[in-house]
Every structure is written in C-alpha cells, then in structure tokens.
Amino acid sequence: MKPSRSGHLPINGLSLYHEVYGELGTPKTTPLLLIPGSHMATDSMQPWVSAFAGTRTVIVFDQQGHGRTPDTSRELSYPQFADDAAALLRALKIERADVMGYSQGGGVALQLAIRHPALVNKLVTLSATYRRDGWPASVLADVEDSGSTTQWAGTSVEKAFMAHTPDAAAFEAYLEKMRIFGNNEQNISDAEMRSISANTMVIAGDTDDVKPEHTLAMFKLRGGDADAAMSRVGAPAARLVILPTTHVGIFWESAVLAPMVSAFLDDVTPPVPDFF
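Residues numbered from 1 in each chain as written. Predicted model: local features only at pLDDT ≥ 70, side-chain atom pairs only at ≥ 80, totals over all residues. Heavy atoms only, no water.

**Things to note about the overall build of the protein**
Line of reasoning, step 1. If you tally the helices and strands in the protein, you get eleven helices and eight strands.
Line of reasoning, step 2. Rg of the C-alpha trace for the protein: 18 Å, near the compact-globule value of 19 Å for 276 residues, within the 12% margin.
Line of reasoning, step 3. By principal-axis analysis of the C-alpha atoms, the protein measures approximately 65 × 45 × 30 Å.
Line of reasoning, step 4. Buried residues in the protein amount to 50% of all 276 residues.
Line of reasoning, step 5. Long-range contacts, defined as pairs at least 24 residues apart, comprise 77% of the intrachain contacts of the protein with a sequence gap of at least 6.
Line of reasoning, step 6. For the protein, the exposed area adds up to about 12,400 Å²; of that, 56% sits on carbon and sulfur atoms.
Line of reasoning, step 7. Averaging the positions of the 22 positive and the 31 negative side-chain charges in the protein gives two centres separated by 6 Å. (Helix = DSSP H or I, 4+ residues; strand = E, 2+ residues; numbered from the N terminus. Rg over C-alpha atoms; globule rule 2.2 N^0.38 Å. Buried < 20%, exposed > 50% of the residue type's maximum accessible area, 1.4 Å probe, protein only. Contact = heavy atoms within 4.5 Å. Areas by Shrake-Rupley, 256 points an atom, 1.4 Å probe, with all protein chains shown as cover. Lys, Arg positive; Asp, Glu negative; His and termini not counted. Charge placed at Lys NZ, Arg CZ, Asp CG, Glu CD.)

Here's what the structure looks like:
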C-alpha cells in the first residue's frame, strides 16, 4: 500500500519520519497508531498497515535512529520514545488515537498511555513487557550481544541507517545506544499499570520471548478477570489473546489477529448463544 502522506517532521529535536494511510480528521473511526519493535521501521509494518487501513486511518513512524529517522546525541528511553509519539500525534492534529505496539513498540505504547492518557483511546500490546523481569535470562543475554556491527552487517537495519547517515562510526554508536537501551528495560509499577485509563488488549504467543506469567500479570493489572468481566455491561476493560507461536512468529499473524483487534477497537461484544 502507498501512504496518503509521508515525510519528516521536526519532533523533539528529531527529523522524525512518518506515514499516514487514509485521511486524517474523518469522524468515521478513531485513527490507529502503529509502533514498530526494536530496530524495526515503517516498512516492516506493512502487513499490519494492510490489515487495518481498509477500515481506519493508520499512522506509523520510525523511532529515533530507526529506519528513516536519523539518530541524534539524545539518549534512548521508553519515556522519550513515548513523548515523541505524543508529539507526532499533536503535530498531525490528532486529539485521540488507538495505539498498538509490537515488542519494544508495545512498551512505548504503555508509556504513551501512562504519560499522555488523553491521547490514547484503546491500547493493544503485542508481545510486550512492562518490566525487565518479563524477559527470560536468555533474551537479556541476546540484548547484551546486540551491539556488534558484525551482527547487523548487510541487514535492512544497516542499509536504512546508512541511507541517511553514511557513517560507520555513527552506526556503531547507535547500536551501542540500543544495547544500553535494551539493558535498561523499563520498570512500570503495578500501580502505574492499573492507572492506565485506556481499555487494553494484551497479545502474546504461548512460546513467546515474554514469560507467559508476565503476560497474564499484565492482563490482570489492566482489569482482566472473569469476575470483573461478568460485572460489566458491554465490552470488558481488558482482553487477552494467546496464539500457539513465538515472539517472531506472532508478528506475522496479522490475518488471524487483525479481526480480533478490530472487534476490540470497535467495541464489538461476543454474541450470547440462545441457550443462555
């Protein structure tokens, strides 16, 4: 698909690249902001853009140092990435958006909902954590090894970076910043998770890099349990989806997940059989 508009905007000291699919300002549905994962860019989000753009306006952007957004001397952090996302929505004159993030992007989406609650209508996290202990030791060890330029040689990550900053030293510095960023995972408190006002859908794989007990804890902190659901009229505050797949595999399940996410965003409640 081709965006209806794209380009760079001056956002918090960045030249931030973004794409919009559909028309802004139309009252039919709430716009959807998609936030890519670690080292990912707008191009990688095409399966999800295609899954949603037929029924709602979709916005996607490259985070600092990712894709077409050049790095700066600014450090990397989840709160800063969330503030960038908020500034982008305001620059596009979007008063309120649904937000969906994958992996690192899901962590950014959580921070966006905490730091800028008025901007977030519904929240969807895909294979994300809210605390460092949500990742097993093996994943954290992989993060420690991610700063090597050899590992990224010839990849789309290197090619995208070199397109706007053809400087090997700058790329090496960016990878080191990402390694430090990965080792300084956010530590959102239970109270902060409960304070999020946006209804939330939590999605993960049964063999995800995210610990299953962490995914369940996130769901419960967002108000997800049978007693709470039965006491509510209409759609529940939190939904949980577990697919039989991995952290990487779940990203490619847009055909399965998009109808569920759309139903959640549109407040579609499951039908009640006649025998009830």
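On we go from here.
**Notes on the nonpolar core**
Line of reasoning, step 1. One finds L33, L110, L112, L123 and M193 to be the most contacted residues of the largest nonpolar core, which totals 46 residues.
Line of reasoning, step 2. A per-element tally of this core places helix α2 (residues 78-91) first, with eight residues.
Line of reasoning, step 3. If we skip the residues at most four places from it in the chain, L110 touches L123, T125, T129, Y130, I188, M193, I196 and M218. (Core = buried A, V, L, I, M, F, W, Y, C linked by side-chain atoms within 4.5 Å.)

**Observations regarding the sheet that holds strand β1 (residues 5-11)**
Line of reasoning, step 1. Read from one edge to the other, the open sheet built from eight strands follows the order β1-β2-β4-β3-β5-β6-β7-β8, with strand pairing classed as mixed. Among the strands making up the open sheet, the edge pair consists of β1 and β8 (238-246). Within the sheet, the average angular offset between the axes of one strand and its neighbour, ignoring direction, is 20 degrees.
Line of reasoning, step 2. Direction of pairing for strand β2 (residues 14-21) relative to strand β4 (residues 58-61): antiparallel, over a ladder of four bridges. (Pairing = 2+ DSSP bridges. Axes fitted to C-alpha atoms, helices over the stretch in contact; angles between N-to-C directions.)

**Considerations on the packing of helix α6 (residues 156-164) against helix α7 (residues 168-183)**
Line of reasoning, step 1. In the contact formed by α6 and α7, the axes pass within 10 Å of each other and the chain directions differ by 125 degrees. If you check the angle between α6 and α7, you find them oblique. When you trace α6 past α7, the crossing you get is right-handed. Contact with α6, carried on its side by V157, E158, F161 and M162, involves A168, A170, F171 and Y174 of α7 and no other residues of that element.
Line of reasoning, step 2. Tallied by class, the residues present in the contact of α6 with α7 amount to seven nonpolar, no polar and one charged. (Parallel < 35°, antiparallel > 145°, perpendicular 65-115°, else oblique. Left-handed = near helix turned anticlockwise from the far one by under 90°. Nonpolar A, V, L, I, M, F, W, Y, C, P; charged D, E, K, R; others polar.)

**Overview of a nonpolar patch on the surface**
Line of reasoning, step 1. Among the surface-exposed residues, L216, L240 and I242 lie close enough to one another that they form a single nonpolar patch of about 230 Å² accessible area.
Line of reasoning, step 2. Residue position: I242 is located in strand β8. (Patch = residues over 30% accessible without salt bridge, like charges linked within 9 Å, V, L, I, M, F, W, Y side chains within 5 Å. Salt bridge = Lys/Arg side-chain N within 4 Å of Asp/Glu carboxyl O.)

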